[in-house]
Amino acid sequence: MNEPTVSVVICVYTEDRWEDILAAVSSVRAQSRPALETLLVVDHNRSLLERLTGEYKEVHEVRVLANAGPRGLSAGRNTGIAASYGEIIAFLDDDAVAERDWLRYFVQGYADPRVMAVGGRTVPVWASGRRPAWFPEEFDWVVGCAYKGLPGGVAEVRNVLGGNASFRRSAFDAAGGFATGIGRDGDKRPLGCEETELCIRLSRARPEAVLLLDDRAVIHHRVPGVRERFAYFRARTYAEGLSKALVARSVGADKGLESERRYTTRVLPAGVARGLRDALLGRAGGAGRAGAIVTGVAAAAGGYVVGSVRARRGEVTFSVGEIPGGPVGKGGEGGSS
């Protein structure tokens, strides 16, 4: 039986990440299990579009195209989905590099026909050379990486993490594309959760669907210096609360907060306890980690309350599932924030 073909989508938006983009593409081209193609989707930046087009004009397996939707990561991903030819569509962050067997482990997961998505493990590469002493591993999602509390090995999950993930093409036929209006828009407030909302929508459309996390599918994600600062940590956790309110508005609080309840009642209290224990033992950063966890929870809770109020007022709308060139699946309008 032939293995499925894989398209890799990398969404890009700024020339400031030029070297990172080249490194990301090189890591895909060096895979032990080759991709059918790599699509670079440029988010409303003509200069970057032209520069990348020139860079890869003689590389047939790399295609450069413009985001055909509104500004933002979700619309860029939807553009890549629409333009791709692979049976599996994988997504890689523009400031990350994949290990050589990344796609091989993804493809292995699809041997089971019930599997509709496979995600991997994202490892932080700190600009300072080491993790800040105060930064808790339980909050590595703040910098787009795998965090303490995720299952190890190969395990079923509610949702995969968007910067290191793959989906069957039929997943988008069933559930539509990524919701615009939830996730990131260039350098604006660091929102997220668009992949969470999509995965929950997918599980509703296909109740038999299995979503996997395989921690052998590894990428290394660069964390710039500004994201090692406590101010960014606080802003990102607050933005996560805003995003979770949008997800709950779209798919309901039961599913939208299902994994978060276990995380906040089991994983985070254990992290606080470890931090306080380390502080009592005189280990560096213990008190800071415990304090960061408490601050992060409070900021996310505050963001969720504000986001929920905005949702009830209908201040911001978001659209779900439209792939350029025509709707995929049912599509349609989502809720408000």
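Each chain has its residues counted from 1, running along the sequence as written. Residues qualify for local features only when their pLDDT is at least 70, as the model is predicted, and side-chain atom pairs are given and counted only at 80 or more; totals for whole chains, interfaces and linings, by contrast, use all residues. Hydrogens and water are ignored here; the side-chain numbers use all heavy atoms of the structure.

1. Remarks on the pattern of salt bridges
And then number 1: Basic side-chain nitrogens of Lys or Arg form a salt bridge, by our definition, when they fall within 4 Å of a carboxyl oxygen of Asp or Glu. The final tally for this structure, using the stated rule, is 20 salt bridges.
And then number 2: With a closest N to O distance of 3.5 Å, R17 and D95 form a salt bridge. Taken as a pair, R17 in the loop between β1 (6-12) and α1 (18-29) and D95 in the loop between β4 (88-92) and β5 (96-98) lie far apart in primary sequence, 78 residues in all.
And then number 3: With a relative accessible area of 11%, R17 lands in the buried category.
And then number 4: Between R277 and D278 there is a salt bridge, and its shortest N-O distance comes to 3.5 Å.
And then number 5: Categorising residues by exposure relies on relative accessible area from a 1.4 Å probe, with only protein chains included: less than 20% of the type maximum marks a residue as buried, more than 50% marks it as exposed, and the intermediate range marks it as partly exposed. A relative accessible area of 9% means that D278 is categorised as buried.
And then number 6: What emerges from the salt-bridge pattern is a single network uniting R277, D278, R283 and R289. Going along the chain from the N terminus, every DSSP run of H or I of four or more residues is numbered as a helix, and every run of E of two or more is numbered as a strand.

2. With respect to the packing of aromatic side chains
For any pair of aromatic rings, geometry is given as the distance between the ring centres together with the angle between the planes.
And then number 1: Centres within 6.5 Å are what make two rings of Phe, Tyr or Trp a pair, Trp counting through its six-membered ring; a difference in plane orientation under 30 degrees is then read as stacked, over 60 as edge-to-face, and the rest as tilted. Per the counting criterion, the structure on display carries 16 aromatic pairs.
And then number 2: Centroid distance F91 to F178: 5.5 Å. Interplanar angle 90 degrees. Geometry classified as edge-to-face. Taken together, the residues F91 in strand β4 and F178 in the loop between α5 (169-175) and α6 (194-205) connect sequence positions 87 residues apart.
And then number 3: Ring geometry for F139 and W141: centres 5.5 Å apart, planes at 35 degrees, overall tilted. Taken individually, F139 and W141 each receive the classification buried, so the pair is uniform in this respect.
And then number 4: Among the aromatic residues, ring-to-ring pairing joins W126, W134, F135, F139, W141, Y147, F230, F233 and Y263 into one connected group.
And then number 5: When the NZ atom of lysine or the CZ atom of arginine is within 6 Å of a ring's centre and also within 35 degrees of its normal, the charge is said to sit over that ring. Above the face of the F91 ring, R77 is positioned so that its terminal group lies 5.8 Å from the ring centre.

3. Thoughts on the nonpolar core
Soluble globular proteins: nonpolar side chains tend toward being buried together.
And then number 1: Residues grouped as a nonpolar core are buried Ala, Val, Leu, Ile, Met, Phe, Trp, Tyr and Cys residues, joined through side-chain atoms within 4.5 Å. Counting residues in hydrophobic clusters, the biggest one holds 34 residues, and the most contacted among them are V8, I10, L40, L52, L92 and W102.
And then number 2: In terms of residue count, α1 provides more of this core than any other element does, 6 residues in total.
And then number 3: Between two residues, a contact is recorded if the distance between any of their heavy atoms is within 4.5 Å. If we ignore the near neighbours within four places in the chain, the residues touching I10 are A24, V25, V28, T38, L39, L40, V41, L92, D93 and D94.
And then number 4: Residues A83, F91, V157 and C199 belong to the second largest nonpolar core, which totals 26 residues.

4. Structural notes on the pairing of strand β8 (residues 164-168)
And then number 1: For β8, the tally of buried residues reaches 5 of 5 residues, placing the bulk of the element in the interior.
And then number 2: Burial along β8 is two-sided: N164, S166 and R168 facing one way and A165 and F167 facing the other are all buried.
And then number 3: Two strands are said to pair when DSSP picks up at least two bridges between them. As paired strands, β4 and β8 are joined by 5 bridges and run antiparallel to one another. Bridged to I89 within β8 is F167.
And then number 4: Where strand β6 (residues 115-126) and β8 come together, 3 bridges link them in antiparallel fashion. Within β8, the residue paired with G119 across the bridge is A165.

5. Here we look at the side chain of Q31
And then number 1: Relative to the assigned elements, Q31 resides in the loop between α1 and β2 (37-42).
And then number 2: For Q31, the side chain forms a polar contact with the main-chain oxygen of E99, separated by 2.8 Å.
And then number 3: Any pair of N or O atoms that falls within 3.5 Å is considered a polar contact. Within protein, one atom must be able to donate a hydrogen and the other to accept it, and sequence-neighbouring residues count only if both atoms are side-chain atoms. At 3.1 Å, the side chain of Q31 forms a polar contact with the backbone nitrogen of W102.
And then number 4: Look past the residues within four positions of Q31 in its chain and what remains in contact with it is A98, E99, R100, D101, W102 and L103.

6. Some points on the confidence of the model for the protein
And then number 1: The score called pLDDT rates the predictor's confidence residue by residue, from a low of 0 to a high of 100. For the protein, per-residue confidence averages 89 on the pLDDT scale, and residues scoring 70 or more make up 87% of the total.
And then number 2: This stretch, residues 326-337, has a pLDDT under 50; its non-local contacts, to residues over four places away or in other chains, come to 33 contacts.

7. As for the pairing of β6
And then number 1: Most of β6 is tucked away, with 9 of its 12 residues classed as buried.
And then number 2: Where β6 and strand β9 (residues 210-223) come together, 10 bridges link them in parallel fashion. Directly across from W126, in β9, lies its bridge partner V223.

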